[in-house]
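The residues making up each chain are set out below.
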Amino acid sequence: MSRDISPDFLKSDTQTPFDSCLVCSKDVISSGEDYFIERIMRRVTDFGVTETLFEYAMCMDCASNMKGEMSKESMQSIEAFFKERIMSLDPFDRLINPLEKCLLTGKRIDESLEFSFHAHCRGTEMMESIFPYAVSDDAMDQISELLSKETLDELDEFKGKYFNGPPEIAELINPKRLLPI
Ligand SMILES: [Zn+2]
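Conventions and cut-offs
- Residues numbered from 1 in each chain as written.
- Predicted model: local features only at pLDDT ≥ 70, side-chain atom pairs only at ≥ 80, totals over all residues.
- Helix = DSSP H or I, 4+ residues; strand = E, 2+ residues; numbered from the N terminus.
- Rg over C-alpha atoms; globule rule 2.2 N^0.38 Å.
- Buried ≥ 20, exposed ≤ 12 C-beta atoms within 10 Å, placed from the backbone.
- Core = buried A, V, L, I, M, F, W, Y, C linked by C-beta atoms within 7 Å.
- Contact = placed C-beta atoms within 7 Å.
- Pairing = 2+ DSSP bridges.
- pLDDT = per-residue confidence, 0-100.

1. Focus on the overall build of the protein
Here is step 1: Secondary structure summary: the protein contains six helices and six strands in total.
Here is step 2: Overall, the protein shows an N-to-C arrangement of helices and strands of β-β-β-α-α-α-β-β-β-α-α-α.
Here is step 3: Since a compact globule built from 181 residues should have a radius of gyration of about 16 Å, the 16 Å found for the protein is in line with a globular shape.
Here is step 4: Counting only C-alpha atoms and orienting by the principal axes, one finds that the protein spans roughly 40 × 35 × 35 Å.
Here is step 5: When burial is assessed residue by residue, the protein has 31% of its 181 residues classed as buried.

2. Thoughts on the nonpolar core
Here is step 1: In this structure, Cys21, Tyr35, Ala57, Met58, Ala134 and Val135 are the most contacted members of the largest nonpolar core, which totals 36 residues.
Here is step 2: Of all the elements in the fold, those that place two or more residues in this core are strand S2 (34-44), strand S3 (49-59), strand S4 (114-122), strand S6 (133-136) and helix H4 (137-144).
Here is step 3: Setting aside its immediate chain neighbours within four residues, valine 135 contacts Cys102, Leu103, Leu104, Phe115, Ser116 and Met140.

3. A closer look at the pairing of S2
Here is step 1: Within S2, eight of the eleven residues are buried, which leaves the element mostly enclosed by the surrounding structure.
Here is step 2: Across nine bridges, S2 lies against S4 in antiparallel orientation. For phenylalanine 36, the partnering residue across the bridge sits in S4 and is histidine 120.
Here is step 3: Direction of pairing for S2 relative to S3: antiparallel, over a ladder of ten bridges. Across the sheet, residue phenylalanine 36 finds its bridge partner in S3, namely methionine 58.

4. So, the confidence of the model for the protein
Here is step 1: With 100% of its residues at a pLDDT of at least 70, the protein reaches an overall mean of 91.
Here is step 2: Between the elements of the protein, mean pLDDT differs from a low of 77, seen in helix H3 (residues 91-96), to a high of 97, seen in S4.

Next comes the structure, spelled out in structure tokens:
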């Protein structure tokens, strides 16, 4: 099943679809291949607004390469963690709005200070499977306990290489968020 890419996964500045892979710059729409979109956000409680810290599309090839660079033990622990959590999901929770609650903990996203949205797309369509989903700050804390130092270093390096926004925003982005999940 698929549907048009929802506004949650359009570029926040132009409200248009992402068109190129963050890593290899491939045109993800005209290639017709599968790709992923991730948007990392935080809630600024004083102002009652959310702010996008980092958002990007990544082609399937680059996502697999990145997974390959992570330590095997980290990726295995994460996969096991995902499987276990997904088995215990209430499917009705996801029917109305899959981005309302964290896929992994069930925590409400509007009660999360930091969260991310993940989509799997093809062309200008968004695939509906376990995607799209949201990950809360609590889930990220739990995931980070499963990562090896090697993996954390890889993620830090990735952030240094591909994030080119202002340094004060870079500081706010937890490299653990960049895990290819
Ligand atoms: Zn790529």
